[in-house]
Amino acid sequence: MNLIDTINKDNLPKHLAIIMDGNGRWAKQKGLLRALGHESGTKAVRETVETCAKLGIENLTLYAFSTENWNRPKLEVDTLMKLLIKSLKNELKTLMNNNIKLITIGNFEKLPSSAQKELSQVISQTKDNDRMTLTLALSYGSREEIVSAIKEISSKVKNNIISIDAIDESIINQHLYTQNLPDVDLLIRTSGEHRISNFLLWQIAYAELYFTDVLWPDFREKDLYEAIISYQKRERRFGKTSEQIK
Ligand code: FPP
């Protein structure tokens, strides 16, 4: 039996988030430049996006560039931005063919104007697609996102738009970059690192975590199936007892 046949289509994560890690180490192991690791990483992005759409996953969020990644050597930052632009140009057709909507989370204004322009075009052209939402976290940091939400809410309180008593989890959700996305059900991190690295801290409160040693450029369809199969074997209790949720 194929791995895909063991996946229960009625129990897919509604929101899958991935920390794509290990491009640099993949390149180093092969004696290649880091840039080639990132380039190979884009192929894994494409395969993962297509597989998620095929499976019926409604929301996929990829950690493509963190607020901390700005501290990398300028050459590497430039390479990543160029790869992003190239991928957006190349993959618009894939997004349209698979009925996928693209959105971004993060500090959009900090991105180079060429990347902003390309992203805006793809976002606008895919806005009515409704099979899957692909969210790219770009210049994204969860703490920055939370700070920004607190500022917006405080300003609304100051201007009597909302009262302090009205602040609840739903209000906070509405002020995060991920406002229209459901909570993350499954978070995958590749490359053997067991860290969250400032990614969706609020949104992963009850996510199942899955770590694999596979380096991102080697992440294939079967690795995604294995992660989902592991997710489907877990009992998600959300703080309740096993008996309560049966
Ligand atoms: C982590 O590997 C990966 C990144 C910082 C960037 C991820 C980017 C891509 C997969 C390509 C472009 C993205 C899109 C959406 C087209 P690392 O460099 O931290 O690896 P290392 O830890 O082994 O050095």
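Residues numbered from 1 in each chain as written. Predicted model: local features only at pLDDT ≥ 70, side-chain atom pairs only at ≥ 80, totals over all residues. Heavy atoms only, no water.

Here we look at the layout of surface pockets
Logical step 1: Looking at the largest pocket, its volume works out to about 1100 Å³.
Logical step 2: Along the wall of the largest pocket there are 46 residues; nearest its centre are Met20, Asn23, Tyr63, Ala64 and Leu80.
Logical step 3: Of all the secondary-structure elements, those providing two or more residues to the lining of the largest pocket are helix H1 (23-29), helix H2 (34-55), strand S2 (59-66), helix H3 (74-97) and strand S4 (132-140).
Logical step 4: Looking at the lining of the largest pocket, the element that brings in the most residues is H3, giving 12 residues.
Logical step 5: For the second largest pocket, the lining is made up of 13 residues, of which Thr104, Ile105, Leu176, Tyr177 and Gln179 are closest to its centre.
Logical step 6: Going through the elements one at a time, strand S3 (100-105) and helix H5 (142-158) are the ones with two or more residues in the lining of the second largest pocket.
Logical step 7: The dominant element in the lining of the second largest pocket, judged by the number of residues it contributes, is S3, at 3 residues. (1 Å grid on protein atoms, 1.4 Å probe; cavity = no way out; pocket = protein on both sides within 12 Å on 5 of 7 lines; lining within 4 Å. Points joined across faces, edges and corners; volume = space filled by probe spheres on them. Helix = DSSP H or I, 4+ residues; strand = E, 2+ residues; numbered from the N terminus.)

Describing the UniProt feature "active site" (unreviewed entry) in the chain
Logical step 1: Taking the numbering used here, the UniProt-annotated feature "active site" (unreviewed entry) corresponds to Asp21 and Asn69. With the annotated positions falling across 49 residues, the maximum pairwise C-alpha distance of 12.2 Å places them together in a single cluster. Lining the largest pocket, from the residues just named, are Asp21 and Asn69.
Logical step 2: Note that aspartate 21 resides in the loop between strand S1 (15-19) and H1.
Logical step 3: At a separation of 3.3 Å, a polar atom in the side chain of aspartate 21 contacts the side chain of arginine 25. (UniProt positions renumbered as here; feature names shortened; annotations may be inferred. Polar contact = N/O pair within 3.5 Å; in protein donor to acceptor, adjacent residues only side chain to side chain.)

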